Amino acid sequence: MNIKAILFLNLVAGWLIAAAADAKVISPSDEQGENRISIRADGLACYFCAYGMERFFKQSGRIAWYDMKMAEGIVEVGFIKGKPILDVRTLKQYVHDAGFSPREIKAKLVGRLTPTDEGYRFRVTETDQTFPVETNAVVRAARELVDQEVTVIARVQEVQDAPLKLVPEAIRPKKLTP
């Protein structure tokens, strides 16, 4: 192979890797909501293989964008405003069907933490979905934020009675945008 061909292949490979490093938008920006979920996936190392997940994301009709963070082995997805957030089983199945092993799932959601007889629930502002919340030290420390709009960052667990259960790692007041 001559030097020009090698340089050309390196240039093309560099361009493809740089292009793949940006988030892939599926829906128009005015449809993109604030809620997102990240999934740690074993085997996520190749941009070309990872884009096989796009087919599943598009089929869902709920995902506005996704981003592959190869170095961390993480797929991050953002949801369309007003569309329900996908349940844990479906998200895991998309990752599995694309050829990867789903592991830890985390969510960054905007909504309100509300007390119930059984503990707390989190109502997502854009969808009105409610999810059970594990009452942990983070929730107890955020009691002054109950019934206020907040951003919760949480590990996500699969449970039988709900699409997902939140185990909060941080609860912050939602910042107002000017």
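Structure: see above.
This report concerns the structure included in the present document. (Residues numbered from 1 in each chain as written. Predicted model: local features only at pLDDT ≥ 70, side-chain atom pairs only at ≥ 80, totals over all residues. Heavy atoms only, no water.)

**Topic: unusual backbone geometry**
- At Asp-128, a position not held by glycine, the phi torsion is positive, near 65°.
- Its location among the elements puts Asp-128 in the loop between strand E6 (119-124) and strand E7 (130-133).
- For Asp-128, a relative accessible area of 51% puts it in the exposed group.
- Here Asp-147, not a glycine, exhibits a phi torsion of approximately 65°, which is positive. (Helix = DSSP H or I, 4+ residues; strand = E, 2+ residues; numbered from the N terminus. Buried < 20%, exposed > 50% of the residue type's maximum accessible area, 1.4 Å probe, protein only.)

**Structural notes on the packing of helix H3 (residues 52-60) against helix H4 (residues 88-97)**
- Axis separation between H3 and H4 bottoms out at 8 Å; the angle between their running directions is 150°. As for how H3 packs across H4, the hand of that crossing is right-handed. On the side of H3, the interface is formed by Met-53, Phe-56, Phe-57 and Ser-60, while H4 contributes Tyr-94, Val-95 and Asp-97.
- Of the residues belonging to the contact of H3 with H4, the class tally is five nonpolar, one polar and one charged. (Axes fitted to C-alpha atoms, helices over the stretch in contact; angles between N-to-C directions. Left-handed = near helix turned anticlockwise from the far one by under 90°. Contact = heavy atoms within 4.5 Å. Nonpolar A, V, L, I, M, F, W, Y, C, P; charged D, E, K, R; others polar.)

**A word on the nonpolar core**
- Counting residues in each nonpolar core, the largest one holds 42 residues, and the members touching the most others are Ile-37, Met-53, Leu-109, Phe-122 and Leu-166.
- Not counting chain neighbours up to four residues away, the residues in contact with Met-53 comprise Leu-44, Met-68, Val-75, Tyr-94, Val-95, Ala-98 and Phe-100. (Core = buried A, V, L, I, M, F, W, Y, C linked by side-chain atoms within 4.5 Å.)

**Here we look at the environment of Asp-42**
- Tracing the backbone shows Asp-42 in strand E2 (residues 32-42).
- By relative accessible area, which is 37% here, Asp-42 ends up partly exposed.
- Counting along the chain gives 32 residues from Asp-42 to Ile-74, while the straight-line C-alpha distance between them is 8.6 Å.
- In contact with Asp-42, other than residues within four places in its own chain, are Phe-100, Ser-101 and Arg-103.
- Within the structure, Asp-42 has its side chain in polar contact with the side chain of Arg-103 (distance 2.7 Å). (Polar contact = N/O pair within 3.5 Å; in protein donor to acceptor, adjacent residues only side chain to side chain.)

**Quick look at the pairing of E6**
- Bridge count for strand E5 (residues 101-116) against E6 is six bridges, and the pairing is antiparallel. Bridge assignment links Arg-112 to a residue of E6, and that residue is Arg-123.
- Between E5 and E6, which pair antiparallel one after the other, the connecting turn spans two residues.
- Bridging between E6 and E7 involves four bridges; their strand directions are antiparallel. Within E7, the residue paired with Arg-123 across the bridge is Thr-130. (Pairing = 2+ DSSP bridges.)

**Some thoughts on the side chain of Asn-35**
- Within the element layout of this structure, Asn-35 appears in strand E2.
- Given a relative accessible area of 2%, Asn-35 falls into the buried group.
- At a separation of 2.8 Å, a polar atom in the side chain of Asn-35 contacts the main-chain amide nitrogen of Val-110.
- Sequence-distant contacts of Asn-35, that is, excluding residues within four places in its chain, are made with Val-77, Gly-78, Phe-79, Ile-85, Lys-108, Leu-109, Val-110, Val-124 and Glu-126.

**Concerning the pattern of salt bridges**
- The tally for this structure, following the rule as stated, stands at nine salt bridges.
- Of the charged contacts in the structure, one is a salt bridge between Lys-69 and Glu-76, with a shortest N-O distance of 3.3 Å.
- A relative accessible area of 32% places Lys-69 in the partly exposed class.
- Residue classification places Glu-76 among the buried residues on the basis of a relative accessible area of 12%.
- Among the charged side chains, a network of salt bridges with common partners joins Arg-36, Lys-69 and Glu-76. (Salt bridge = Lys/Arg side-chain N within 4 Å of Asp/Glu carboxyl O.)

So far we have only geometry, and geometry alone does not tell us how the molecule works.
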